[in-house]
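Structure assessment
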Amino acid sequence: MNGSPPPMTGPGTPAAPAWFEPLVAADTVDTLATRLLAIAAGTPGCCDAWLAQAENDTLALVAGGPAAGSEDLLALAGTALRTGTALSTGDGSATAAPLPPSPHVLVLACDPGRAGDVLQALASPLAIAGRLLSRSLKMAELEASNARLVHSEQLQRALFAISNLAGSERPMSEMLREIHAIIGTLMYAENFFLVLRDPERETIRFLYFADVEDTAPRDPELEIPLASRENTLTWYVIRDGKPLMGDTPSLLKQISGPLNIHGPDGNDWLGVPMLRDGQVRGALVVQSYEPGIGYDANDMALLSFVGSHILTALERKQGKVELERSVKLRTQELADANRGLQLEIVERQRAERLQAVLFQLAQMATADISQAQFYRRVHEVVGELLNAENFFIALLNEAGDALEFPYYVDVRGRSGQTRPLGRGLSEYVMREGDVFMGTSEDITALARRGEIELQVAGDPALSWLGAPLLAGEDTIGLVAVQSYTPSVRYGPADRELLSFVASQLANSLSRRRAAQIQQRSLEQLEERVAARTLELRKEIHERERIQEQLKHEVMHDALTGLPNRGYLRERLERVLGLLRREPHRKGALLYLDIDRFKVVNDSLGHLAGDEMLREVARRLQACVRDPDLVSRLSGDEFAILLEQVPVPETAVKVAQRLLEKLGEPLLVAGKELEPSASIGIAITDATYQNADDVLRDADVALYRAKELGRKRFELFDVSLQKHAVDVLEMERDLRVALQHDQFEPYFQPIQCLETDEVMGYEALIRWNHPTRGLLAPGQFLPIAEDSGSIEAIDWWMFEHSCALMAGRGDRDYLTINVSPLHFRREDFSQRLTQMLQRTGLAPSRLVIEVTEGSLLDDPEGVRDILARLRDEGIGAALDDFGTGYSSLSYLHTFPLRSVKIDRSFVARLGIGEGNSDAVVVSILALARALGMEAVAEGIETAAQRDALLAMGCRYGQGYLLGRPAPIGHWS
């Protein structure tokens, strides 16, 4: 390979080798490869040869080929090509020679040991072949690049032509024919159609259709439902949004359903969707009926690319057409609007002129001018609107029987003389109450009809126009213009103008007349005003007195004359405002309630109660000094506001003085009473935000004083507030406890003291509180009574206690405690018997325990209820006997089965204190005399039990005999 090519033949030069001419004449890579292999094959010692080209780090065969199993020769060729050096096998049977500058390598199979000789013999042909191969490769690349550029230029010209068509003035049909021709320059498109889709209506239009086989015309404006072309190739392209290409068997493999061939079946078919924002807006289709003419992937890509530009061109064209139509329509609308505006301008100018005239008339109505000047100016103003050379104003006189002419201008020298009402033309206008416009012929026609009399109307004018002056529903006169020359004729516009003028003139005349009447009345009014002013002053003084009295009555109590709750709140708010400005100051509010005032009302009557309240008010006022305030809030509730309290002891001293003063004997309705009160005290300071908070805290303290025994006072503190909050929380928890069955009946046995035999059980309620644990009745029943939930709790207790006792056989009896509230219900006995029926407890096993307070509340009603229960078999026991106010004289009138001796007497038995032994003996004797059983409560020691047995008491209950426990404990 180190040799050089032989020189070209010429004069005096040696002849070229035989291989030179064929090798140089080769113009393609394939031809060069074939001839190079032929030269190598003719070289002595060469058995075979093949040519390979490097492509992307791999070798591709160009000509010839290695025998099977020659992988080593392939590796050798790759190494030689990478190093740029000819390489031979160890035995010299093969060699690989690169052909620079081309990326080719020649592999030679030689006789053993001859590889070097063969390579030496081919040195010149290989050098020339390398350069020729490199040149041929470059030429092939240039030709391919040129072909691509030609195709790109052709595509650009097509796209540019399509874009120009969209902006041209050509009609749509001609533009589509041009588009067809442009596509024909890119591919075979003799058969071509374009479909547009309406996504909202789901219809298509064949905007353009050209086919040599299917010549039926397509209406480009006809909308065809897309569903009507279901399963056609076009339908699949639009539905799936994907192109389809090929003959019928190939197309069947590409679609997802059956194929419905519409029209002639072609040799090859290509359809692409036209997309906008991912939505199919149409399709382009070309097809061939000629064998050998078809489409490939390049055609599909090209048509898809061109399709997007065609869709843009169509949208631009349609947009332009729509814009031109819109512009034309808008131009027409603007022209119409302009004509309307011109008319409106003329009308507005006329209206402005008329408005100016009317404004001048309105101004003249109040102007300080004479009547004659007024009429003259009216004439001038009317003359600005129409021809008023002959003008007059006629008015009815005050009597309404004559026509006056306060203003009359006429070129013929006529004058308006006052005349009685007759059959003149002026009277006709006033009588009709409408504008009259007419010629001399019209006036003559009125005379012939008898509407007017010409001798009254005078010689008719050639044109006459008159309008009535209307004031409300009355006609007070008219205004008229007339013409004696043919050139001046009044028309509808003049009629309308004079009508407006007449309306405004009538108003102006009415205002001027009213002003005159007002002026005359003003003097009379001033005289009356002076007299009336004196009367009003007296009335105002009296009204102020009444208002002060009403204010006093609204803010004060009618019975005691004291300020009421509203007055107190207002005063308290002012005091709190002062405390906030001066935080070092303090005040106090004393909330006071008369003890047992209801007893006075019920026993002595309301008049006596009112007398007592008035006396209490006087005593309270005697205990305070200005600026302190005593007020009555409601009923027997009073409040005392102390504005200046240096220390809380000051308020305490006032409370003590109040209790002493109120405790003095009081004579009411012939009865001497010793009233008392409970007082709650709240110390006010800058921390209080409003009066209601102070009233609330004082009320809490008052409630605490009542709880602790009345006839006392209590100061509000945080613990009281916490107690009040606890009461509210307990009321809420009681409602929850009823809903979730948190209560549980406990049972305490009632035994025979002689035999220790259990005779029955008393049901006692317990509350399994989720956070406070097990609560006894005394911890929640008072709150239940105050909140109104005691009845619901009692009925829950009755029902569950009876149900549990019913399951223990039929021997022991059950006692339940009944609140006085139940005896105020007429249906109590009925509800109780119905409850026993539900639970299955026999009535004879139930005993209800009533307190002495229940018997005193309504003796007759309670007696009837107990009698009805006795008839049903239900017994009754008097609980806590000896602690109340019941009289032994009428105890026998109630149907009671037993009495229960209160634990306070049992606790002192046998210790020699008081007279408990005598009381118990008396109760036992009374019970035996009335045929009742006696049951002692609260037996806690053996000494107490022995003492009761010695006195003859047979039954008892208490911790000694058994503590209250759930029903399961007594099983």
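These notes cover the structure that comes with them.

Cut-offs used in this document
- Residues numbered from 1 in each chain as written.
- Predicted model: local features only at pLDDT ≥ 70, side-chain atom pairs only at ≥ 80, totals over all residues.
- Heavy atoms only, no water.
- Helix = DSSP H or I, 4+ residues; strand = E, 2+ residues; numbered from the N terminus.
- Areas by Shrake-Rupley, 256 points an atom, 1.4 Å probe, with all protein chains shown as cover.
- Phe/Tyr/Trp six-rings, centres within 6.5 Å; stacked < 30°, edge-to-face > 60°.
- Buried < 20%, exposed > 50% of the residue type's maximum accessible area, 1.4 Å probe, protein only.
- Lys NZ or Arg CZ within 6 Å of the ring centre and 35° of its normal.
- Pairing = 2+ DSSP bridges.
- Right-handed = clockwise from strand over helix to strand, strands pointing away.
- Patch = residues over 30% accessible without salt bridge, like charges linked within 9 Å, V, L, I, M, F, W, Y side chains within 5 Å.
- Salt bridge = Lys/Arg side-chain N within 4 Å of Asp/Glu carboxyl O.

Moving on, we come to the overall build of the protein chain. Each helix and strand in the protein chain was counted, giving 28 helices and 33 strands. Projected onto its principal axes, the C-alpha positions of the protein chain cover 175 × 135 × 65 Å. Carbon and sulfur atoms make up 51% of the accessible area of the protein chain, which amounts to about 51,000 Å² in all.

Moving on: the packing of aromatic side chains. One pass over the structure, following the stated rule, counts 21 aromatic pairs. Arranged with centres 5.9 Å apart and planes meeting at 35°, the rings of Phe-743 and Phe-780 form a pair that is tilted. Highlighted residues: Phe-743 in strand β25 (residues 743-752) and Phe-780 in the loop between β27 (773-775) and α21 (781-787), separated in sequence by 37 residues. Phe-780 carries the same exposure label as Phe-743, and that label is buried. One aromatic cluster is present, built from ring pairs that chain together Phe-743, Trp-767, Phe-780 and Trp-796. Cation over ring: Arg-218 sits above Phe-209, and NZ or CZ is 3.9 Å from the ring centre. Against the face of Tyr-484 rests Arg-412, its NZ or CZ located 3.9 Å from the ring centre.

A few words now on the environment of Gly-422. Within the element layout of this structure, Gly-422 appears in the loop between β14 (419-420) and α11 (425-432). When the C-alpha atoms of Gly-422 and Glu-453 are compared, they prove to be 8.4 Å apart, with 31 residues separating the residues in sequence.

What follows is about the pairing of strand β23 (residues 677-684). Most of β23 sits out of view: seven of its eight residues are buried. In terms of strand pairing, strand β18 (residues 587-594) meets β23 through eight bridges, oriented antiparallel. The residue bridging Leu-592 from the neighbouring strand is Ile-679, located in β23. By the bridge criterion, three bridges tie β23 to strand β24 (residues 713-715) in an arrangement that is parallel. When the sheet's bridge partners are listed, Gly-680 is paired in β24 with Glu-714. The parallel pair β23 and β24, bridged by helix α19 (residues 691-707), forms a crossover whose chirality is left-handed.

We now examine a nonpolar patch on the surface. On the surface, a cluster of nonpolar side chains totalling about 220 Å² of accessible area is made up of Leu-522, Leu-525 and Val-529. Along the polypeptide, Val-529 turns up in helix α14 (residues 492-554). Residue classification places Val-529 among the partly exposed positions, given a relative accessible area of 41%.

Attention now moves to the pattern of salt bridges. Counted by the stated rule, this structure contains 38 salt bridges. Ionic pairing is found between Arg-239 and Asp-240, a salt bridge with its closest N-O pair at 2.8 Å. Of the residues examined, Arg-239 reaches a relative accessible area of 43% and is grouped as partly exposed. Taking the relative accessible area as the measure of exposure, Asp-240 reaches 34% and is therefore partly exposed.

This part is about the environment of Leu-302. Relative to the helices and strands, Leu-302 resides in helix α9 (residues 297-366). The buried category is assigned to Leu-302, whose relative accessible area is 7%. A C-alpha to C-alpha distance of 8.9 Å links Leu-302 and Met-187, two positions 115 residues apart in sequence.

What follows is about the pairing of β25. The buried fraction of β25 is high, at nine of ten residues. The sheet contact formed by β25 and strand β26 (residues 758-769) spans nine bridges and is antiparallel. Paired with Pro-749 across the two strands is Tyr-761, which belongs to β26. Here β25 folds back onto β26 in antiparallel fashion, the turn holding five residues, of which Asp-756 has a positive phi close to 60°. Across two bridges, β25 lies against strand β33 (residues 955-956) in antiparallel orientation. Within β33, the residue paired with Cys-752 across the bridge is Tyr-955.

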